[in-house]
Amino acid sequence: VQLQASGGGWVQTGGSLRLSCAASGRTFSSYHMAWFRQAPGKEREFVAWITRSVGSTYYSNSVKGRFTISRDNAKNTVYLQMNSLKPEDTAVYYCAASGRAVVPARPYEYDYWGQGTQVTVSS
């Protein structure tokens, strides 16, 4: 599956952005999906995860209550709604997909990655 992330941009502290990740292929609904982020000089960090069928979600503590992951299997797209953004949320955001059960926070568990979209939050 090929993933294309979009929706990044520049926003002031407290603002909102919605990221999208469009997947190619007809088997999108068979993949667990996740968002990660990577700030300059830092390791890739888990953000959020959603299961392929029931749509159960899981978030990192740093974004819980502010970010919401969702998916539309009919549109082959996963979303990340980001509210109450903070400067520390500044990073390149990546979507990822796995066709098997994973430990959500481990980047190496995922088979497919999008190209990343930059999110910049100014103070």
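Below, the structure is looked at part by part. (Residues numbered from 1 in each chain as written. Predicted model: local features only at pLDDT ≥ 70, side-chain atom pairs only at ≥ 80, totals over all residues. Heavy atoms only, no water.)

### Observations concerning the packing of aromatic side chains
Turning to step 1, where the next piece is worked out: The final tally for this structure, using the stated rule, is 6 aromatic pairs.
Turning to step 2, where the next piece is worked out: Each ring, one from Y31 and one from Y112, has its centre 5.8 Å from the other, and the planes form 85°; the classification is edge-to-face. Here Y31 is found in the loop between β3 (17–23) and β4 (32–38), whereas its partner Y112 is found in strand β10 (residues 112–113), with 81 residues between them in sequence.
Turning to step 3, where the next piece is worked out: On the numbers, 5.6 Å between centres and 75° between planes, the contact of F36 with F46 is edge-to-face. Here F36, found in strand β4, pairs with F46, found in strand β5 (residues 45–50); they are 10 residues apart in sequence, far enough to count as distant. The burial state of F36 is the same as that of F46; both residues are buried.
Turning to step 4, where the next piece is worked out: Note that R44 overlies the ring of Y94, its terminal NZ or CZ placed 3.8 Å from the centroid.
Turning to step 5, where the next piece is worked out: The ring of W113 has R44 sitting right over it, with the charged end atom 4.7 Å from the ring centre. (Phe/Tyr/Trp six-rings, centres within 6.5 Å; stacked < 30°, edge-to-face > 60°. Helix = DSSP H or I, 4+ residues; strand = E, 2+ residues; numbered from the N terminus. Buried < 20%, exposed > 50% of the residue type's maximum accessible area, 1.4 Å probe, protein only. Lys NZ or Arg CZ within 6 Å of the ring centre and 35° of its normal.)

### A few points about the sheet that holds strand β7 (residues 67–72)
Turning to step 1, where the next piece is worked out: Ordered by their spatial adjacency, 4 strands build an open sheet running β1-β3-β8-β7, and the pairing between neighbours is antiparallel. Because the sheet does not close on itself, it has two edges, and the strands there are β1 (3–6) and β7. Within this sheet the neighbouring strands show an average axis-to-axis angle of 15°, counted without direction.
Turning to step 2, where the next piece is worked out: The pairing of β1 with β3 spans 4 bridges and is classified as antiparallel. Residue pairing across strands places S6 opposite S20, the latter belonging to β3. (Pairing = 2+ DSSP bridges. Axes fitted to C-alpha atoms, helices over the stretch in contact; angles between N-to-C directions.)

### Points about the pairing of β4
Turning to step 1, where the next piece is worked out: Of all 7 residues that make up β4, 6 are buried, and the element is covered over most of its length.
Turning to step 2, where the next piece is worked out: Bridge count for β4 against strand β9 (residues 91–98) is 7 bridges, and the pairing is antiparallel. Among the inter-strand pairings, W35 is bridged to a residue of β9, identified as C95.
Turning to step 3, where the next piece is worked out: Inspection of the sheet shows β4 paired to β5 by 5 bridges, in the antiparallel sense.

### Things to note about the pattern of salt bridges
Turning to step 1, where the next piece is worked out: Overall, the coordinates contain 6 salt bridges when judged by the stated rule.
Turning to step 2, where the next piece is worked out: In this structure, D89 and R37 form a salt bridge, with 2.9 Å as the shortest nitrogen-oxygen distance. Placement of D89 in the loop between β8 (77–82) and β9 and of R37 in strand β4 is noted, with a sequence separation of 52 residues between them. Just as D89 is buried, R37 falls in that class too.
Turning to step 3, where the next piece is worked out: Measuring nitrogen to oxygen at the nearest pair gives 3.7 Å for the salt bridge that ties R106 to E109.
Turning to step 4, where the next piece is worked out: Of the residues examined, R106 reaches a relative accessible area of 38% and is grouped as partly exposed. (Salt bridge = Lys/Arg side-chain N within 4 Å of Asp/Glu carboxyl O.)

Geometry only, nothing functional implied.
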